[in-house]
Structures are given as C-alpha cells and as structure tokens.
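As a plain string of letters, each chain reads:
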Amino acid sequence: GSAPGPEDARDQLTVFHSPENFTVKHPLMNKWTLWFTRPPNKSDSHWSDTLKEVVTFDSVEEFWGIYNNITKTSDLAVKSDYHLFKVGIRPEWEDIANKHGGKWAYQFKERRSVAIDELWLHTMLAAIGETLEKETDREVTGVVVNVRKGFYRIGLWTRTVGVGGEGKTSKEARESLLEIGRRFKEILKLGDRDQVEFSGHSDSALAGSSRAKAKFVV
Amino acid sequence: LQLKTSSEPALPSAALTALRSARFIDDINKVAYPPSILSPNPALNSNAPNGKFKYEKDFLMQFQTVFTDKPSIDWDQRMRDTVGEPDSARPMPGGR
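Since the model is a prediction, treat every value here as computed from it, not as a measurement.

### A short note on the interface of chain A and chain B
For interface size, the figure often reported is the accessible area lost on association. Between chain A and chain B, the contact holds 48 residues from the first and 44 residues from the second. Broken down residue by residue, the surface that chain A buries against chain B is led by Phe16, Lys25 and Pro27 of chain A, which jointly contribute 17%. For the interface between chain A and chain B, the tally reads one salt bridge. Taken together, the elements giving at least two residues each to the side of chain A that touches chain B come down to β1 (24-25), β2 (27-37), β3 (51-59), α2 (60-67) and α3 (116-128) of chain A. Considering every element that reaches the side of chain A that touches chain B, the biggest residue donor is α2 of chain A, with seven residues. Classifying every residue of the side of chain A that touches chain B by side-chain character gives 20 nonpolar, 14 polar and 14 charged. As paired elements, β1 of chain A and strand β1 (residues 23-24) of chain B share two bridges and run parallel to each other. Within β1 of chain B, the residue paired with valine 24 of chain A across the bridge is arginine 23 of chain B.

Below you can see the structure in the form of structure tokens.
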C-alpha cells in the first residue's frame, strides 16, 4: 500500500477520534472492582449484607461509562460508602490483602463546603492511573469514600503497615508508605496544617474504628 | 393485558459496541491523538511493560465528556440492585 506509516497508525482510532467507532481502548494496569455499601436496615443480619459488588472494569473508557452513570457521592444517603479495590480483594479488613495492612485517611468535617465529588473522582483516577505509588511498592489495595452524618472521609488502603520484609528494610517500607501518604494528601488538596493519618487495621479493630491511634502522619 | 411500551433496550449503543470490540492499546507512545488532546506523559511510561500503563489525571479527565454511555445493557437494573434508584433529575455529565 501507499500508506505512509505503519498500518496500525490508521487503525488505531481512539474514543477521541470517534466516540462511536473507536477501535482501541486504554488498558488499566490493574482490573478494579467498584463496591457499594448501602445504609443498613433492620432486616440485615450482618454488616456484609449491605456490601455489594457493583462492577469490574479494566479500561479508562469503561471507567468513565461507569462514573458518568452512577450516583455521585454527594447524592448518597448517610452511611453509604463507595469502595474501589483491585479485583479479587474484598474491601474488608479480613481480606488476606488487607489484614496486615492499614489505611491513610482524612475526614472532611465541613460537608457542605468540601468538593467531595471532585476529590473522590481524583482519588479514583490516581488509583486506576497508578500514580499513587511506584510499581515496586505494591502497597495500594483500594480507596474508599464514607458518607457519614457529620463528615465525609476518604481513605487509601495499603497491604502493609510499613514494617518491611519481602526484600524491603523497615526504613524503605516506611518511606514507601509516607510517600503514598504525601501523594494522597496532594490529591485531596489539603494544606500544611491539615493532617492525613495512617493507622493499621488491626489497631483499628482493637481500639474501635474511631479511636485508632495514628501510626504515621503527613 | 398490559403491554410494555418501553422495554429494556435489547441492543447495545454504538459506543458500547465499540467499547466491547476495541483492542487494548499495546504501545501508548505510538498512539496518534487528535491535536486537541493532551497525550499521556511519555516519561510516565518510559519503561512500561506491554499494555501496562500509568495515566495522569489531566489525561484521564479528557475522557469524561467523551465516553458517557452506560457501560452495559443491564446497567439500570444493576444500579437498582446495588446503589439504588438512579436519580432521574441528574443532568448530563459536566452540567450542574
């Protein structure tokens, strides 16, 4: 043929070239599953009755199809949560990927003034775009937004609590977690005086979730 | 006798059909985006293994108004079963 470039340059129509006839899509590094927790009601026998798997996806295009057609966080009822986790990991402390881990979290106490939809969207984009951590960290298991009566909270769950092992010194492991915390804080557009806190899930379980002592702060 | 006039759509939209049949990009730095589109930062994927890419927020945000269709034929039913009734008053993405 007389085509100037390689054949696939012509074939590679993205959604930007043609929203209805695109031929290539943007893969994500991981498959992700979106989960939803609805507010509990009297017929629930266990907390897990309220947790439902919504959808699993592996492309940028599909993420936006989901995001554009699902209830915004700011429209959810109190006691609802969205959880976005790597496929195969349940958004629960008991999951094997989470049980030795913890979370970075920040509570937004001014529900009315915080741009929660934007902050949660940016958190999800950082997760699926894999810009929360270095490839070698393999810490992030998922991200969560909680809608509560007096606040919103966004969390980022990690596989470890920064103690080292598996070829990492405890100093390296701690530095990985701190760097993830700093990136997370930036995504949440927090200022110098705001503190994002890290706590281990097992500490939280022992102390009751709201009274866990922060292990790290950024 | 009740006849359903508006049944669940039996056919996927063109965008959904494209989504299902599209191949995954295998070399992100070889995609020729339209001039108006900010390409992914090549430094972010300089030593990316095949098909494993990172994407920055500014790149990802460009898709928001481009892929707006429901991601599956049974999406409305799935929403009713999980997140709850869709808010019918919601404007299109990007609106207020």
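Now that the structure has been shown, we can carry on.
### Description of unusual backbone geometry
Residues and elements named next belong to chain A. Positioned with a positive phi, glutamate 130 is a non-glycine residue whose angle comes to about 60°. Mapped onto the fold, glutamate 130 is located in the loop between α3 and β6 (140-147). Positive phi values are uncommon outside glycine, yet lysine 189 reaches one of about 55°. Note on placement: lysine 189 falls in the loop between α4 (170-187) and β8 (197-200).

### Remarks on the sheet that holds β2 of chain A
All names here are of chain A. The sheet built from eight strands is open, its strands ordered β3-β2-β4-β6-β7-β5-β8-β9 with antiparallel pairing. The outermost strands of the open sheet, each flanked by one partner alone, are β3 and β9 (216-217). Bridge count between strand β5 (residues 102-108) and β8: four bridges; the pairing is antiparallel. By the bridge assignment for β8, alanine 105 is matched with glutamate 197. The strands touched by α3 are β2, β3, β4 (80-86), β5, β6 and β7 (152-158); relative to β6, the strand with the most contacts, the crossing angle is about 170°. The sheet contacts of α4 involve β5, β7, β8 and β9, and relative to β5 the element is tilted by about 25°.

### Regarding the pattern of salt bridges
Tallying each qualifying case throughout the model produces 13 salt bridges over all chains. Close ionic contact of glutamate 133 of chain A with lysine 86 of chain A constitutes a salt bridge, the shortest N to O distance being 3.7 Å. A residue pair is termed long-range when its members are at least 10 positions apart, and glutamate 133 of chain A in the loop between α3 and β6 and lysine 86 of chain A in strand β4 qualify at 47 residues. Here the two residues glutamate 133 of chain A and lysine 86 of chain A agree in accessibility, since each one is buried. When the shortest N-O distance is used, the salt bridge between lysine 54 of chain B and glutamate 135 of chain A registers 3.1 Å. One end of the pair, lysine 54 of chain B, is in the loop between β1 and α2 (57-61); the other, glutamate 135 of chain A, is in the loop between α3 and β6, on a second chain. With a relative accessible area of 8%, lysine 54 of chain B lands in the buried category. The network of salt bridges with shared partners includes Glu175, Glu179, Arg182 and Arg183 of chain A.

### Overview of α4 of chain A
Residue and element names in this part refer to chain A. Its 18 residues give α4 an end-to-end C-alpha distance of 26 Å, which sits within 8% of 26 Å, the value for a rise of 1.5 Å per residue. Of all the positions in α4, only Ala173, Ser176, Leu177, Leu178, Ile180, Gly181, Phe184, Lys185 and Ile187 are classed as buried. The inward-facing, buried residues of α4 abut β5, α3, β7, β8 and β9. Lysine 189 lies just past α4 and shows a positive phi near 55°.

Definitions and limits used
Residues numbered from 1 in each chain as written. Chains lettered and ligands numbered in written order. Predicted model: local features only at pLDDT ≥ 70, side-chain atom pairs only at ≥ 80, totals over all residues. Heavy atoms only, no water. Contact = heavy atoms within 4.5 Å. Buried area = accessible area lost by both parts, 1.4 Å probe. Salt bridge = Lys/Arg side-chain N within 4 Å of Asp/Glu carboxyl O. Helix = DSSP H or I, 4+ residues; strand = E, 2+ residues; numbered from the N terminus. Nonpolar A, V, L, I, M, F, W, Y, C, P; charged D, E, K, R; others polar. Pairing = 2+ DSSP bridges. Axes fitted to C-alpha atoms, helices over the stretch in contact; angles between N-to-C directions. Buried < 20%, exposed > 50% of the residue type's maximum accessible area, 1.4 Å probe, protein only. Expected span 1.5 Å × (residues − 1).

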